[in-house]
Structures are given as C-alpha cells and as structure tokens.
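Architecture at a glance
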Amino acid sequence: LKRIVSGVQPTGSIHLGNYLGAIKNWIDLQNTYDTLFFIVDLHAITLPYDTQQLSRATKDTAAIYLACGVETSKASVFVQSHVRAHVELMWLLSSATPIGWLNRMIQFKEKSLKAGDENVGVALLTYPVLMASDILLYQSDFVPVGEDQKQHLELTRELAERVNYLYGGRKWKKLGGRGGAIFKVPEPLIPPAGARVMSLTDGLSKMSKSAPSDQSRINLLDSKDVIANKIKRCKTDSFPGLEFDNPDRPECSNLLSVYQLITRKTKEEVAQECQDMNWGVFKPLLTDALIDHLHPIQVRYEEIISDTAYLDKVLAEGARKAADIADVTLNNVYQAMGFLQR
Ligand code: AQP
C-alpha cells in the first residue's frame, strides 16, 4: 500500500476548514492507503502559545480525529512529540538545508513581517525542516497539501533529493533516483476542489483557528445555537439568487461550497437547488445541514474525550507503530551520514 501522512496543529479549536480541507478526506484515504495521522504539537509552539492549553488541545484534536471517523484498525493516530525521531531527524536534516531555502518561504516572510524579527523564534524559520522530517521519516508516497503548504512540500522534496545525493552514494544518482535512496521523494496529493473554506466574516480570507473573531469560523464542537447564530450573522450580499464562482460574491460561493461538501451533493445539484433562493431561505437550510452533520461527531467526541484510558491507549499504540517505521529511517540516516552505530 502507498503511504500517506497528515496532521493538524493543536493551536485552537478545530474548525470546519480543518475538517472539510483535511480530516474529512482522511476518512476515505484510510481505506485505500497506509495512513498515519498525527497531532502536530511540536509545530504548535512556533508562535507564542499558552502552555496551559497545549496538552488539552492535543487530546481534543486526537478525540476529534476519532470522532470524525478515523479508525485505529486502519490508521495510526499519534502525537508528534511522542515519536522522538521527528526532532532527531530534523537536526540531521537541518545540516543539509541551505538557509536561503528557508528564508524564501512565503509563510515565514509573512508571519515574521507581522510579528517583527525580535519576536520571532528560530523555530518559525526552521518549521519546514521539521515538516520535512515528519514526512520523510515515514517514507511517505503522498502528502495531502492545501495551497499554502505547497511551497513547504516542494522544500521537502528538494531536501529529500539533496540528502539522497549527498549521503545516498553515487549509485543513487547514477540510477537516476531509483534504488539506494535514503528517502522516498513524496508527491503532493491535491485535495478535492472547493475544499478551501473561507471565513464567515470575509469571503476572501481563509477560515482559521488563529483569526481573532470566533464569529469567523464554525468550530466542530460549536453547539446548535452557536452554529445558528454564526450563520445568521455571517457576511452575505444583496445580489438576487445564489451562485457559485462569481468573483464579486466570494461569501456566496463559499457558503454554497460548504453546503455542497457537507451534504455530499454535486456542485451542479447545489447550483440548481439554490439558484432562486434568497439568504432568508438558504441560511436555515445550511444551518440545519451543518447541525445534522456535526451532531453525531459531537456525540462521539464526548464519549471519547471522557474515556481517558481509551484515548491514552490509542495514542500509545499509534506512537509505537509510528516509531517502528520512523526508527528504521532514522537509523539509516545516521548510518549514511557516518555516525558511530549505537
Ligand atoms: N480554511 C481552510 N480550508 C480548508 N482547509 C484548511 N486547513 C486549515 N484551514 C483550512 C487545513 O487543515 C489542515 C491543518 O491545518 P494546520 O492546523 O496545520 O494549520 P493551518 O493550515 O494554518 O490551519 P489554521 O486553522 O488556519 O491554523 P492557524 O490559524 O493556527 O494557522 C491542513 O491540511 C490545512 O490545509
């Protein structure tokens, strides 16, 4: 089976964007691929964070994965920091990463510009090396990536090729990349169209955990009333009817896409169903669809999060399975780089 790795950062409450853009797709992927889904806690500390919240958010995120339908019989679910090889490989990869590659990362430029050099930790710069380590450790074939992560995956691919070239021996290069390689060079798996969910208060920015206003997102654990209220107050427009892909109506296109993804209808079906509707008719329809879809997830989440022993067992087992794969890669890298064997 081809292998896929993916994860979400425990940086806040998981929202509809994380769900529709990532977690919901995993449920299908786990049936056809060897999958590892982890909670990316080491990445969650690259910007200032609340130490009181990190472990709770990590557990919550794990419980949400399971509540959404990730099955431990098919996928390994684990916490990134529980598999020590991630950080160890990152150090080894750092030595092979030109600093210019990292300086060019758009996300680093944007985030560091916002916060200012004195407030930005080195980890924000080296974050893509840890991401490369997350992927390469497992010899992943594919990595699901949204638009904003494409550049980081490209860096992972280049880094894999560079390490293969520097330490994988001439044989690897002569063979044109086949055989003898230390790392598999992963391919991006582009998620289904329309999977970029935008903010409820601005159809041009993506829905995000770190946006200051909670009104801008639907959290997976929002109550019925909160969902109804957020949809009632979300930004709309005063054009007649509802339509996809009108550049003057980003909010309209976004809300129709959410409705489409949540109801598993086709774009054409939704376009036809909603073309003559006004917001007063569509908003309750969307609210009900969201509540119906999220309710069973919320019920399962409550069961899982209250069974601490079960969750701990799942995460321990997941970490053990992940470490079995990761340690083989890590040891190969140490060996290829000339370290004395333990
Ligand atoms: N709005 C979105 N639409 C579709 N997919 C999204 N993802 C995030 N936001 C949307 C996908 O969720 C996965 C995990 O994301 P992450 O936790 O690594 O961080 P992120 O992409 O930076 O997500 P957030 O929620 O916006 O977090 P903050 O605010 O902390 O930066 C990824 O697969 C991502 O594509």
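Per chain, the residues get numbers from 1 upward, laid out in the order the sequence is written. Thresholds applied to this predicted model are a pLDDT of at least 70 for local features of residues and 80 or more for the giving and counting of side-chain atom pairs; totals over whole chains, interfaces and linings are not thresholded and use all residues. Side-chain descriptors were evaluated using all non-hydrogen atoms of the structure, hydrogens and water having been removed beforehand.

Close contacts around the ligand come from 17 residues, with H15, V197, S208, K209 and S210 the closest. Take N18: an N or O atom from its side chain is 3.1 Å from an oxygen atom of the ligand. Protein coverage of the free-state accessible area of the ligand, which is 640 Å², stands at 87%. Helix and strand assignments come from DSSP, with helices taken as H or I runs of at least 4 residues and strands as E runs of at least 2, each series counted from the N terminus. For the shell around the ligand, the elements supplying multiple residues, two or more each, are strand 1 (3-8) and helix 1 (16-32). The element contributing the most residues to the shell around the ligand is helix 1, with four residues. Gly is put with the polar residues, along with every residue not named as nonpolar or charged; the nonpolar set is Ala, Val, Leu, Ile, Met, Phe, Trp, Tyr, Cys and Pro, and the charged set is Asp, Glu, Lys and Arg. Across the shell around the ligand, the residue classes break down as five nonpolar, nine polar and three charged. Nearness is defined per residue: one heavy atom within 4 Å of the molecule or strand is enough. Counted as a polar contact is a pair of N or O atoms within 3.5 Å, where, for protein atoms, one must be capable of donating a hydrogen and the other of accepting one, and residues adjacent in sequence contribute only when both atoms are in side chains. The Shrake-Rupley method, run with a 1.4 Å probe, gives the accessible areas here. Residue values count only the displayed protein chains as cover.

Moving on to the side chain of R249. Within the secondary structure, R249 sits in the loop between helix 9 (224-233) and helix 10 (250-263). The buried label goes to any residue with under 20% of its type's maximum accessible area, the exposed label to any with over 50%, and the partly exposed label to all in between, with areas taken from a 1.4 Å probe on protein chains only. When its relative accessible area of 0% is taken as the criterion, R249 is described as buried. In this analysis, two residues are considered to be in contact whenever any of their non-hydrogen atoms come within 4.5 Å of each other. When sequence neighbours within four positions are dropped, the list of residues in contact with R249 reads D237, F239, P240, G241, L242, E243 and W279.

This part takes up the packing of helix 3 (residues 85-94) against helix 13 (residues 308-336). In contact at an axis separation of 10 Å, helix 3 and helix 13 are set at 25 degrees when each is read in the N-to-C sense. Classified by the angle between their axes, helix 3 and helix 13 sit roughly parallel to one another. Crossing of helix 3 against helix 13: the hand is left-handed. Facing A85, E88, L89 and L92 of helix 3, the residues of helix 13 in contact are A326, D327, L330, V333 and Y334. Orientation is described by lines fitted to C-alpha atoms, with helices fitted over the stretch in contact, and by angles between N-to-C directions that extend from 0 to 180 degrees. What sets the label is the angle itself: under 35 degrees gives roughly parallel, over 145 gives roughly antiparallel, 65 to 115 gives roughly perpendicular, and the rest give oblique. Whether a crossing is left-handed or right-handed is set by the direction in which the near helix is turned from the far one by less than a right angle, anticlockwise for left-handed and clockwise for right-handed.

The subject of this paragraph is the environment of M131. Tracing the backbone through its elements, the reader meets M131 in helix 6 (residues 122-136). Sequence separation between M131 and L285 is 154 residues; the distance between their C-alpha atoms is 39 Å. M131 has contacts with H43, Q149, H152, L153 and T156, leaving out every residue within four places of it along the chain.

In this section: the nonpolar core. Nonpolar core, defined: a set of buried Ala, Val, Leu, Ile, Met, Phe, Trp, Tyr and Cys residues in which side-chain atoms within 4.5 Å join the residues together. One finds L16, I23, W26, Y65, F282 and L290 to be the most contacted residues of the largest nonpolar core, which totals 59 residues. In terms of residue count, the dominant contributor to this core is helix 12 (residues 279-306) (11 residues). Not counting residues up to four positions away in its chain, the partners in contact with L16 are G21, V197, M207, I218, L220, V258, I262 and L290. Of all hydrophobic cores here, the second largest spans 43 residues; its members include F108, L125, L330 and Y334.

Here strand 1 lies mainly inside the structure; five of its six residues are buried. With the strands aimed away from the viewer, a crossover counts as right-handed if its path from the first strand over the helix to the second runs clockwise. Following the chain from strand 1 across helix 1 to the adjacent parallel strand 2 (residues 34-39), one finds a crossover that is right-handed.

Okay, the pattern of salt bridges next. Salt bridge, as applied in this entry: a Lys or Arg side-chain nitrogen positioned within 4 Å of an Asp or Glu carboxyl oxygen. The tally for this structure, following the rule as stated, stands at 18 salt bridges. In this structure, the salt-bridge partner of R217 is D214, at a minimum N-O distance of 3.4 Å. For D214, a relative accessible area of 35% corresponds to the partly exposed category. With a shortest N-O distance of 3.4 Å, K235 and E251 are connected by a salt bridge. Here E251 lies in helix 10 and K235 lies in the loop between helix 9 and helix 10, a separation of 16 residues in the sequence. Residues joined by salt bridges that share partners form a network here, namely D214, R217, D222 and K230.

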